[in-house]
Amino acid sequence: MLKTLKSIEPFTSSAEKNSRFCIGCGEPATKLVKYDTEGAIIIEKYCDKCAKVIEDNSPK
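Residues numbered from 1 in each chain as written. Predicted model: local features only at pLDDT ≥ 70, side-chain atom pairs only at ≥ 80, totals over all residues. Heavy atoms only, no water.

**A few points about the overall build of the protein chain**
No. 1: Regarding its fold elements, the protein chain presents one helix and three strands.
No. 2: Start at the N end of the protein chain and walk to the C end: the helices and strands fall as β-β-β-α.
No. 3: Evaluated residue by residue, the protein chain yields a buried proportion of 28% over its 60 residues.
No. 4: Long-range pairs, those at least 24 residues apart, make up 40% of the contacts in the protein chain between residues at least 6 apart in sequence.
No. 5: For the protein chain, the exposed area adds up to about 4300 Å²; of that, 53% sits on carbon and sulfur atoms. (Helix = DSSP H or I, 4+ residues; strand = E, 2+ residues; numbered from the N terminus. Buried < 20%, exposed > 50% of the residue type's maximum accessible area, 1.4 Å probe, protein only. Contact = heavy atoms within 4.5 Å. Areas by Shrake-Rupley, 256 points an atom, 1.4 Å probe, with all protein chains shown as cover.)

If you want it as structure tokens, here you go:
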């Protein structure tokens, strides 16, 4: 499945109670990363450090 970075937005843990941790490293999540895929949008939560790596590695 091809994921294309759509946006990176601020995330506050009070906005959503379920998962508040970065899926990359387990630190508290501070960013919502949205990806376009084939027919769906995927939203994942990351810390600032992991979100920066994703942003730097995404095609411009």
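Structure's up, so let's keep going.
**Focus: the pattern of salt bridges**
No. 1: Under the definition given, this model contains four salt bridges.
No. 2: For Lys3, the salt bridge is made with Glu44, and the minimal N-O distance between the two is 3.4 Å. Linking Lys3 in the segment before β1 (4-10) with Glu44 in strand β3 (residues 41-46), this pair joins segments that are 41 residues apart in sequence.
No. 3: Of the charged contacts, one joins Asp48 and Lys31 as a salt bridge, the two residues approaching to 3.9 Å between their closest N and O atoms. Taken together, the residues span a long stretch of sequence, with Asp48 in helix α1 (residues 48-57) and Lys31 in strand β2 (residues 31-36) at a distance of 17 residues. (Salt bridge = Lys/Arg side-chain N within 4 Å of Asp/Glu carboxyl O.)

**Concerning the side chain of Ser7**
No. 1: Residue placement: Ser7 occurs in strand β1.
No. 2: At 3.2 Å, the side chain of Ser7 and the side chain of Glu9 are in polar contact.
No. 3: The residues contacting Ser7, other than those within four sequence positions of it, are Leu32, Val33 and Lys34. (Polar contact = N/O pair within 3.5 Å; in protein donor to acceptor, adjacent residues only side chain to side chain.)

**So, the environment of Phe11**
No. 1: Structurally, Phe11 can be placed in the loop between β1 and β2.
No. 2: The exposure class assigned to Phe11 is buried, which follows from its relative accessible area of 7%.
No. 3: Between the alpha carbons of Phe11 and Ala29 there is a distance of 7.0 Å; along the sequence they are 18 residues apart.

**As for the sheet that holds β3**
No. 1: Taken in spatial order, the three strands of this open sheet run β1-β2-β3, and their pairing is antiparallel. Bordering the open sheet on either side are β1 and β3, each of which pairs with just one other strand. Each strand axis lies, on average, 25° off the axis of its neighbour in the sheet, ignoring direction.
No. 2: As paired strands, β2 and β3 are joined by six bridges and run antiparallel to one another. Bridge pairing in β3 links Lys34 to Ile43. (Pairing = 2+ DSSP bridges. Axes fitted to C-alpha atoms, helices over the stretch in contact; angles between N-to-C directions.)

**A word on the state of the cysteines**
No. 1: Across all of its chains, the model carries zero disulfides by this definition.
No. 2: Not part of a disulfide, Cys25 finds its nearest cysteine sulfur in Cys47, a span of 3.6 Å. (Disulfide = S-S within 2.5 Å.)

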